Structure formats: structure tokens, C-alpha cells
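Commentary on secondary and tertiary structure
Listed below, chain by chain, are the residues.
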Amino acid sequence: MPKEIDLSKYSKLFVTESRENLRTLNETMIKLETKPKDKSLVEVMFRACHTIKGMAGMMNFKVITDLAHALEDLLNAIRDDVVKPTEDVAETIFKGLDALEGMVASVENGEDIDETSGLVVELRAAASGKPGKKRKKKRSELVAAKEKADKEPEPGATRVSSVYVKFGRRCAFPSARAFVILKELGKVANIVSSVPSEDEIDMEHVFEEFTVTLEPEKGFDEVTSRIAAMPDTDEVRVGSPDKPRNDWTVVLDGTARPAKAIVDAPVAQTVKVGMDKLDELLDDVSELVIARSRLVERATSHEDSSLDEISTHIDKLTSEIQAKVLGIRMIQLEAVMARFPRMVRDIAKNQGKQVEFIVDGGNIELDRTVIDRINDPIMHILRNCVDHGIEPEGERAETGKRKRGLIRIVASKQQDHVLIEISDDGRGIDYEGIKRKAVSKGLITQDQGDSMLARDLLDLLFRSGFSTKDDVSEVSGRGVGLDVVRKNVEELGGSVMISSSEGAGTTFSLWLPFTLAIIDAMLISIADQTYAVPMGVIAESHRFDSGEIKQIRTREIVQLRGEVLPVIRMRAFFGIPEASDDDDKMSVLVVQSRERRAALAVDDLMGHQQIVVKSLDNRLRRVRGISGGTILGSGKIALILDVDSILGA
């Protein structure tokens with residue numbers, strides 16, 4: 001018999017893969033509701049559900065296996081046209097998927113999995129089509145088969161057999177699969193040996209083929225069928241070790257599967273690493289970047305060719321390591337977006353609305369830290385769009401709109417930021433309603449409200465505790481939502497804007513940085529203090545003669561290739577007296593933030609450098625014009641300019 005196998009170390013793999021399949025199930029079920037006759041969607045769901053069942057069986061999670069099997073039966077009934085994917089059937093499937101989500105969460109947290117026998121019965125009743133008849137017949141056949149198996153011994157049960165398993169080329173953890181297969185076979189056979197051996201498997205050596213020699217007992221055929229259904233298995237054969245493998249019985253033949261265009265493409269080997277380790281690695285790289293800057297600075301101040309050569313080589317290597325580490329941390333935006341179609345669907349259904357949800361630009365990558373922290377802002381905005389924005393069907397029909405509302409998320413790259421626009425085609429924002437609510441809550445007076453511009457009224461929506469809803473529901477009315485959006489986005493160094501047109505809908509624009517870790521910056525000098533300006537907002541640098549600086553009313557401007565640019569003197573911005581020197585030249589950085597462009601007048605341009613972004617203390621985060629700090633190669637601290645706030649964005 002094989003040694004006792006600790007399956008707990010494979011729990012993370014089970015949770016990760018199960019969540020991926022559950023995401024597929026939820027997304028595809030939403031599509032099936034709009035295309036009930038598309039059998040290919042049912043096939044996708046069936047395969048994902050079958051995979052979860054197989055993985056749960058390997059991990060001995062019987063409750064999950066039973067529920068997944070019941071869902072599989074219902075999907076099979078839909079595939080065979082025994083059951084139509086009606087609204088009630090869809091709700092039952094979603095209920096099963098929610099239960100599976102909860103079970104997977106229990107596995108992740110190391111908690112006991114709750115029984116769901118009532119839900120299993122409900123799923124089987126839905127799968128029967130005609131309650132009682134079809135299920136009873138199937139059950140009687142299973143009972144008869146079981147009685148027959150109990151009376152008759154397995155053919156060849158006293159002989160020694162071998163089981164050959166070939167893993168798919170994309171199998172990330174063959175050792176985990178092999179251990180699970182050994183455990184399954186150990187239930188119905190006496191294990192004689194295996195190639196590779198258990199010790200070699202335990203050392204997690206890389207292998208693609210796995211052969212077990214054993215003495216089979218009752219239930220052996222059923223277990224080999226389960227092994228064939230496991231994820232990542234490409235071929236399964238059973239036969240006598242005395243005969244050539246080609247003569248063995250084929251349980252699963254990978255060559256019989258439909259060929260895919262990517263089969264012959266080279267497969268990248270992957271290793272799953274915890275984000276805590278990547279965070280630690282990034283911290284080390286950040287310190288390495290700072291040390292690199294100090295070395296380069298020291299090398300330039302000494303006329304030592306060998307030191308200069310070494311610093312140049314380390315500079316190159318550090319840049320490559322930094323780029324690779326940052327690349328590892330980048331995650332596609334669709335990792336966040338995939339969570340929302342189901343949420344939008346459920347909220348709309350509960351409110352009796354029809355909503356179409358579209359996502360564009362999900363392949364854009366952001367740093368993992370940014371991805372983690374934009375989940376809540378996007379969720380709150382989407383809830384707002386469904387609840388406040390999209391009108392009921394009757395109201396939409398009266399205004400000539402189609403019954404199904406539209407919510408769209410569009411992501412795009414904008415210089416050194418990502419722009420995420422979340423829009424709906426609903427009723428738009430009622431400015432008078434905002435004004436009345438703010439006056440009734442005592443936030444503003446009636447006179448203040450009458451004199452406020454539209455953007456000032458929209459700013460009230462971001463106040464904590466403010467809501468235009470009179471009644472409190474599960475979705476809104478408590479005044480918690482948009483204040484969380486602004487807080488989370490601004491903590492990331494981003495910003496939020498709202499634009500709305502009455503009767504045509506509302507658009508929320510989120511401006512987010514690609515990464516929060518290491519950026520390219522231009523170092524500048526203002527009153528003997530060094531500052532850093534992110535390169536992504538700099539269009540160009542220039543020097544103007546004093547005679548080129550014009551004044552329109554109270555504002556200084558310069559002309560650059562026919563373009564009129566306002567001048568912002570950074571000394572004046574920070575309240576520092578202007579220099580008294582006689583320099584008739586002015587150094588400027590032409591910067592751009594969204595549609596705004598300006599010329600920032602500084603004392604000196606000190607050159608380009610990669611910097612490690614450090615967050616400021618909470619008391620300093622609200623200082624206008626400053627977004628963070630960094631440590632220079634000399635060991636001095638430089639503040640990072642926030643061009644958005646400087647330009648009044």
C-alpha cells in the first residue's frame with residue numbers, strides 16, 4: 001500500500017483551479033441566458049463542471065463532488081434537450097454555483113464544508129424534466145449494477161496489472177496529480193511499485209509519464225475511469241506488465257481528441273508563487289535600484305575606468321532585473337472584470353431590469369497592488385449604474401430607449417496611466433435632486449446650492465453618508481459607495497471624474513497608474529531642493545528667454561510652436577520667494593495631464609533617473625502638488641510632484 005499522502009498541500013491548487021472553472025461557469029451561464037439554443041455554451045459549462053467534480057474527487061471532498069455531479073446532470077439534461085434553460089432552471093444553476101463558491105472558500109479557509117443535500121435534490125429534480133420517472137429508472141439501473149458488482153468479482157482481480165498515465169504538456173504539478181492517482185488506486189488495489197517511485201514524486205521531479213504496478217480488487221475499473229476524467233491526464237492504459245504497452249487496454253487516448261492549433265506550440269513551464277514572496281522580491285529590487293544609483297553617482301565623481309565599467313554593468317543588470325520583476329507582478333485587468341457580470345446580472349434581476357454588460361480592454365495589464373485595490377471602486381460604481389442609472393423597462397420605453405439597458409467598461413492606455421471608463425445609458429444625474437438632498441441634510445444652504453456649478457454638485461456625491469436615495473435597500477441608500485471610490489483611487493495616486501447628461505446616461509472615469517513601485521522620472525531643482533517629475537506626464541523640456549514670456553491679464557504665458565501654454569512658476573506654487581539672480585533664461589517642463597498642458601518653470605533640470613516610489617505619511621498625503629517621495633543615490637530624499645493637482649485636475 002502507498003504511504004499516507006498529505007493532500008492538504010494541494011489545497012491551494014484545488015482552490016485556484018476551481019475558482020477559474022467557476023468563473024467560466026458563471027460567465028458562460030450569463031451568455032446562455034441570452035442564447036439558450038447555443039449548445040456550445042452548454043458544452044463549455046459541462047467540461048468546467050466535470051473538471052471541478054474530478055478535482056474534488058481527487059481531494060476526497062465528497063460534498064463538493066455530489067453537488068458538482070448534480071449540476072453536471074442538469075447540464076447534461078439541457079444538452080440532450082430534456083430540459084430547457086428557462087429562467088427557473090438558470091436560477092437553480094446559479095444557486096448551485098454559489099454553493100460551490102462557498103465550499104471552495106471553506107476549503108481555502110480550512111473550514112468544514114457544509115452539507116447541501118437539499119440543493120442536490122433540487123438540482124436532480126430540475127434535471128429530471130418529468131419528476132420521478134427518468135430519475136427512478138436511472139437509480140434502479142445503478143442499484144442493479146451495484147448488486148451485480150457486489151456478487152461478482154472483478155475480472156482478473158488476482159492478477160498483477162499496470163496502469164500507465166501520461167500527463168498533458170500543460171500539467172503544472174505532475175507530482176500532485178501522481179500522488180492523488182496513487183491514493184485513488186490504493187483504495188481498490190494493492191500497490192506493488194511505481195515509476196517514478198513515491199520518493200522521486202515527493203521530491204517533485206519533473207516527469208510526463210507515470211506507471212503503477214498493482215494487484216487490482218473490486219472497483220478497479222471505476223477508479224481507472226475516474227483517473228481518465230481527471231484534469232491534465234492525456235492518456236490512460238491498463239494491461240499486463242508482461243505485454244507491450246501498445247497491447248494494453250486504452251481507457252483514454254489523447255490522440256483521439258480534436259486537434260487544436262496550439263498543440264505543437266512550445267509550452268512555457270510555470271511555477272505558482274505567493275504574492276508575499278513577489279512583494280519581498282520587489283522590496284529587495286527597490287533597494288538594489290537605490291544602491292545602483294549611489295554606485296553610478298560615485299563612479300561618475302571618480303576618474304576610475306574599472307569602477308566605471310563595473311557600475312555600467314551593474315546598472316544594466318539592475319535595469320533588466322527590475323523590468324522582469326515588475327513584469328511578473330503585472331496582471332491583466334480582466335482578472336478584476338470577470339467578477340462583475342454575475343453581480344450586475346443579479347442586481348438587475350432583483351430590481352426587475354434588463355441590463356447588457358460589456359467589457360473592452362480587459363487585456364491591459366496593471367500592477368498587482370493596483371488590481372487588488374480597484375475591485376471595490378469598480379463594484380460600487382457598477383452598483384450605482386444599475387440602481388441609480390438604468391431605468392425600469394416601462395420608463396425606458398416611454399423615452400424611446402430599448403428595454404435592455406447598457407453598462408459598458410472601457411479600459412485604455414493614456415501616457416503613464418490607465419483610463420477606465422464605466423458608463424451607462426440610463427437617466428443621467430438629477431442635479432436638482434442632488435441640490436435638494438444636500439440642502440435637506442444641511443450640507444449646503446439654498447443660496448449656495450443655487451450658485452453651485454454642475455461639477456460642484458457632482459462633488460457632493462463623493463461625500464461620506466450622502467445618498468440621493470430616500471429608501472435603503474441591499475444595493476444603495478446608506479451613503480456608502482462613491483466616497484469609498486474616491487478614497488481608494490486617490491490612495492493609488494489616481495483620480496475620479498464624473499460626466500453626465502440628463503436622459504443619456506453617466507460616465508465614471510478612473511485614472512490609475514500602471515504601477516506603484518518604480519518609475520522613470522526627471523529630477524528638477526526648485527530653491528536648492530530636488531524634486532522628481534514622472535516621465536509619463538512630461539511632453540518635453542525647453543528654455544525660454546525672458547522676452548518670450550508674455551502676460552495676459554494676470555496670467556503668464558509662452559508660445560511653443562504656435563501653441564499657447566500657461567506658465568506655472570513652481571517657486572510661487574510652493575510659496576517660495578523668486579530667485580534674485582539675473583539669469584534671463586527660464587527652464588521649463590512642458591507637462592500634460594489629460595487635456596491640460598502647461599509649462600512648469602523650475603530652477604534647473606538635473607537629468608533622468610529611475611526612482612523607487614515611497615508613500616508619504618497620512619498627514620502629508622493631502623499636500624497639494626506632492627504625490628510621494630523617493631530616496632536618491634546620494635541618500636537624500638526627493639519629493640515627487642503631482643502634476644494632476646498642480647494643473648488643477
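Preceding this paragraph is the structure being described.
Residues numbered from 1 in each chain as written. Predicted model: local features only at pLDDT ≥ 70, side-chain atom pairs only at ≥ 80, totals over all residues. Heavy atoms only, no water.

The linkage connecting Val195 with the following residue, Pro196, adopts the cis geometry, with an omega of 0°. Topologically, Pro196 is positioned in the loop between strand S2 (189–195) and helix H8 (198–202). Positive phi, normally seen in glycine, also occurs at Asp81, with a value near 65°. Note on placement: Asp81 falls in the loop between helix H3 (62–79) and helix H4 (87–109). On the accessibility criterion, Asp81 (43% relative accessible area) is partly exposed. In this structure, Arg553 takes a positive phi of about 55° despite not being glycine. As for its position among the elements, Arg553 is in the loop between strand S16 (550–552) and strand S17 (555–560). (Helix = DSSP H or I, 4+ residues; strand = E, 2+ residues; numbered from the N terminus. Buried < 20%, exposed > 50% of the residue type's maximum accessible area, 1.4 Å probe, protein only.)

With that out of the way, let us pick up the packing of helix H13 (residues 340–350) against helix H15 (residues 375–389). Packing of H13 against H15 brings their axes to within 10 Å, and their N-to-C directions diverge by 30°. The orientation of H13 relative to H15 falls into the category roughly parallel. Judged by the twist between their axes, the crossing of H13 over H15 is right-handed. The segment H13 lies against H15, with Phe340, Met343, Val344, Ile347 and Ala348 engaging Asn375, Ile378, Met379, Leu382, Arg383 and Val386. For the contact of H13 with H15, the per-class residue count stands at nine nonpolar, one polar and one charged. (Axes fitted to C-alpha atoms, helices over the stretch in contact; angles between N-to-C directions. Parallel < 35°, antiparallel > 145°, perpendicular 65-115°, else oblique. Left-handed = near helix turned anticlockwise from the far one by under 90°. Contact = heavy atoms within 4.5 Å. Nonpolar A, V, L, I, M, F, W, Y, C, P; charged D, E, K, R; others polar.)

Turning our attention to a nonpolar patch on the surface. A surface patch of nonpolar side chains, amounting to about 230 Å² of accessible area, comprises Leu288, Leu317 and Ile321. Of note, Ile321 is situated in helix H11 (residues 305–329). For Ile321, a relative accessible area of 41% corresponds to the partly exposed category. (Patch = residues over 30% accessible without salt bridge, like charges linked within 9 Å, V, L, I, M, F, W, Y side chains within 5 Å. Areas by Shrake-Rupley, 256 points an atom, 1.4 Å probe, with all protein chains shown as cover. Salt bridge = Lys/Arg side-chain N within 4 Å of Asp/Glu carboxyl O.)

This paragraph deals with H4. Given a rise of 1.5 Å per residue, 23 residues ought to cover 33 Å, and the 33 Å separating the end C-alpha atoms of H4 matches this to within 8%. The positive-phi residue at the C-terminal boundary of H4 is Gly110, with phi of around 70°. (Expected span 1.5 Å × (residues − 1).)

The probe, sized like a water molecule, is rolled over the atoms to show the empty space still left. The final tally for this structure, using the stated rule, is one cavity of 30 Å³ or more. Volume-wise, the largest cavity comes out at about 70 Å³. Where the lining of the largest cavity is concerned, the elements lending two or more residues are helix H1 (11–34), helix H2 (39–58) and helix H7 (174–188). Its residues assigned to classes, the lining of the largest cavity shows eight nonpolar, no polar and two charged. Both domains that furnish three or more residues to the lining of the largest cavity are identified here as domain 1 (8–151) and domain 2 (161–263). (1 Å grid on protein atoms, 1.4 Å probe; cavity = no way out; pocket = protein on both sides within 12 Å on 5 of 7 lines; lining within 4 Å. Points joined across faces, edges and corners; volume = space filled by probe spheres on them. Domains from an automatic or database assignment.)

Attention shifts here to the sheet that holds strand S9 (residues 405–414). Spatially, the five strands line up as an open sheet ordered S7-S9-S10-S12-S11, and their pairing is mixed. Two strands bound the open sheet, and with one partner strand each, they are strand S7 (355–360) and strand S11 (495–501). Mean inter-strand twist for the sheet, computed between neighbouring axes without regard to direction, equals 15°. By the bridge criterion, eight bridges tie strand S10 (residues 417–424) to strand S12 (residues 505–513) in an arrangement that is antiparallel. By the bridge assignment, Asp424 is partnered in S12 with Thr506. The strands that H13 touches are S7 and S9; relative to S7, the one it contacts most, it runs at about 160°. (Pairing = 2+ DSSP bridges.)

This part covers the nonpolar core. Membership of the largest hydrophobic core comes to 73 residues, with the highest contact counts inside it found for Phe14, Ile64, Ile93, Leu185 and Phe210. If you count residues domain by domain, this core takes at least three from each of domain 1 (8–151) and domain 2 (161–263). Residue contacts for Phe14: discarding those within four places in its chain leaves Met55, Ala56, Met59, Phe61, Ile64 and Val107. Counting residues in hydrophobic clusters, the runner-up holds 46 residues, among them Val370, Ile420, Ile444 and Leu492. (Core = buried A, V, L, I, M, F, W, Y, C linked by side-chain atoms within 4.5 Å.)

Bridging between S16 and S17 involves three bridges; their strand directions are antiparallel. Its bridge partner lying in S17, Gln551 is registered against Glu556. In textbook terms, the turn of a hairpin is the stretch between consecutive antiparallel strands, and for S16 and S17 this stretch comprises two residues, one of which, Arg553, has a positive phi near 55°. The sheet contact formed by S17 and strand S18 (residues 563–569) spans four bridges and is antiparallel. The residue of S18 that forms the bridge with Val558 is Leu565.

Before going further, it helps to examine the pattern of salt bridges. Taken as a whole and judged by the stated rule, the model has 34 salt bridges. With its nearest N and O atoms 3.3 Å apart, the salt bridge here joins Glu432 to Lys435. Pair noted here: Glu432 and Lys435 are both in helix H17 (residues 431–440), with a separation of three residues, about one helical turn.

Our next topic: the sheet that holds strand S4 (residues 233–239). In space, the five strands of this open sheet follow the order S2-S3-S1-S4-S5, with antiparallel pairing throughout. The open sheet terminates on both sides in strands that have one partner only, identified here as S2 and strand S5 (249–252). Within this sheet the neighbouring strands show an average axis-to-axis angle of 25°, counted without direction. One ladder, built from three bridges, connects S4 with S5; its direction is antiparallel. Pairing of Val236 across the sheet is with Leu252, part of S5. Sheet contacts for helix H9 (residues 220–228): strand S1 (161–167), strand S3 (209–216), S4 and S5; angle to S4, the most-contacted strand, approximately 160°.

Applying the stated criterion to the full structure yields three aromatic pairs. Here the aromatic rings of Phe573 and Phe574 are separated by 5.2 Å at their centres, their planes lie at 85°, and the arrangement is edge-to-face. With a relative accessible area of 25%, Phe574 lands in the partly exposed category. Through a chain of ring-to-ring contacts, three or more aromatic side chains come together here, namely Tyr531, Phe573 and Phe574. Above the face of the Phe46 ring, Arg79 is positioned so that its terminal group lies 4.0 Å from the ring centre. The side chain of Arg245 reaches across the aromatic face of Tyr164, ending 3.8 Å from its centre. (Phe/Tyr/Trp six-rings, centres within 6.5 Å; stacked < 30°, edge-to-face > 60°. Lys NZ or Arg CZ within 6 Å of the ring centre and 35° of its normal.)

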